Amino acid sequence: MPLPIILGVGAAIAGAAGVGSGAYGAIRMKEANDTLKNAEQQHRNNVNRFETISELTSGTMDELGNLELNILKNFDAFSDTMGKIQNRPEFRNYEEQGVKLPEYNPEELEKASAGAAVILGALGGAALGTAGGFAASGVAVSAVTALGTASTGTAISTLSGAAATNAALAALGGGSLKAGGGGVLLGGTVLSGVAAGAALFVGGIIFGAAGDKMAEKADTAYAEMKHAEKTMDDICQYLEELKNIADEYIRSLKKVHQLYMKNFAWVSFTVNNVHKTDWCLFTSEEKKALENTALLVGLLYKMCQVNLVIKAENENEINKINIQAVNEVMQDAEKVSADIL
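Computed from a prediction, not measured in an experiment: that's the story for all the values here.

Conventions used here
- Residues numbered from 1 in each chain as written.
- Predicted model: local features only at pLDDT ≥ 70, side-chain atom pairs only at ≥ 80, totals over all residues.
- Heavy atoms only, no water.
- Helix = DSSP H or I, 4+ residues; strand = E, 2+ residues; numbered from the N terminus.
- Buried < 20%, exposed > 50% of the residue type's maximum accessible area, 1.4 Å probe, protein only.
- Axes fitted to C-alpha atoms, helices over the stretch in contact; angles between N-to-C directions.
- Parallel < 35°, antiparallel > 145°, perpendicular 65-115°, else oblique.
- Left-handed = near helix turned anticlockwise from the far one by under 90°.
- Contact = heavy atoms within 4.5 Å.
- Nonpolar A, V, L, I, M, F, W, Y, C, P; charged D, E, K, R; others polar.
- Phe/Tyr/Trp six-rings, centres within 6.5 Å; stacked < 30°, edge-to-face > 60°.

**A closer look at unusual backbone geometry**
Right, so step 1: Of note in this structure, Asn 87 is not a glycine but carries a positive phi near 65 degrees.
Right, so step 2: The topology assignment puts Asn 87 in the loop between α2 (75-84) and β1 (95-96).
Right, so step 3: Residue class for Asn 87 comes out exposed when judged on its relative accessible area of 54%.
Right, so step 4: Even without being glycine, His 275 reaches a positive phi, approximately 65 degrees.
Right, so step 5: Mapped onto the secondary structure, His 275 falls in the loop between α10 (218-273) and α11 (284-303).
Right, so step 6: Accessibility expressed as a relative area gives 60% for His 275, which makes it exposed.

**Observations concerning the packing of α10 against helix α12 (residues 323-340)**
Right, so step 1: The N-to-C vectors of α10 and α12 enclose an angle of 25 degrees; their axes lie 11 Å apart at closest approach. Relative to α12, α10 is oriented roughly parallel. For the crossing formed where α10 meets α12, the hand is left-handed. Counted together, Ile 245, Glu 248, Tyr 249, Ser 252, Lys 255, Val 256, Leu 259 and Asn 263 of α10 and Ile 323, Val 326, Asn 327, Val 329, Met 330, Ala 333, Glu 334, Ser 337 and Ile 340 of α12 form the full contact between these two elements.
Right, so step 2: Looking at the contact of α10 with α12, its residues break down into ten nonpolar, four polar and three charged.

**Some thoughts on the packing of aromatic side chains**
Right, so step 1: Following the criterion strictly, the structure yields four aromatic pairs and no others.
Right, so step 2: The interplanar angle of 65 degrees and the centroid separation of 6.2 Å between the aromatic rings of Phe 78 and Phe 264 together place this pair among those described as edge-to-face. Linking Phe 78 in helix α2 with Phe 264 in helix α10, this pair joins segments that are 186 residues apart in sequence. Per residue, the accessibility class of Phe 78 equals that of Phe 264, and both read buried.
Right, so step 3: Measuring from centroid to centroid gives 5.7 Å for Trp 279 and Phe 282, while their planes differ by 40 degrees, and the two rings are tilted. Taken as a pair, Trp 279 and Phe 282 share a single burial class, namely buried.
Right, so step 4: Cluster of aromatic residues (ring-pair linked, three or more members): Phe 75, Phe 78, Tyr 260 and Phe 264.

This is how it looks when you write it as structure tokens:
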């Protein structure tokens, strides 16, 4: 075979190989691009799913937090009415059927009522889930009573507006930064968007899972997406469980509160409208209504102290739902309500 022909055949073979190599490379590039697009789309779907359940849960937790704060705020009417009754006895502690309720303490109720009023007034512009943070951590009571004062030494109940919000949320964060606590940042005032509320309930792990930055390499991007997806699945399941138990707790609280309002309406009418202020002149029914009201105040006060969420020791772990404590206090509520009815 003449040399030119051999060279021509060799060139043709080499050219064919080059075309085949280029086609293979193009296929690999398309596969990589498809993988990236698929990973990005799945990640976007995961983030949207998380944001949806996060918003629903934060809304439910806000409802619970606002309900607890409003219950505490309205205790001032009960305290004022009780203060007008002369010769009333010291009401016994309730310890029946395994249920123990705190005794009536007018000073504590007044502090809780005043503090709750301030916090409610200051929460208007707070991020989604902030009110729910009080219910999650059980500080609807302690933020305005046990914690007592802001880091400046000023009573929280004397503050207003942003100062009240910051003081209360700093308390929610474990105290001021100077005192070694998490400060307002941990309390939630600088958090924004849907993740703000969930961050208070789920913990620091949420930010790593909800981030939408994907790696440049297709295989790495897909692997990171699957890792984030697993974390988001856990978070979404957790948020759904938290929402369900919060809904149940809201129903329990409302049931007890309605019973309280029914009994207190009778007491208030007797004292404030009929102006009967001597316990000795009360009928047996009126005395029973007052005893029931005081008992229900203790129950509501106890219910507002329960933390629905237990903070994880490791920020890379999801917080725990305080199912046992919540179920126990709801069972207590059923027993006390049945005893009164």
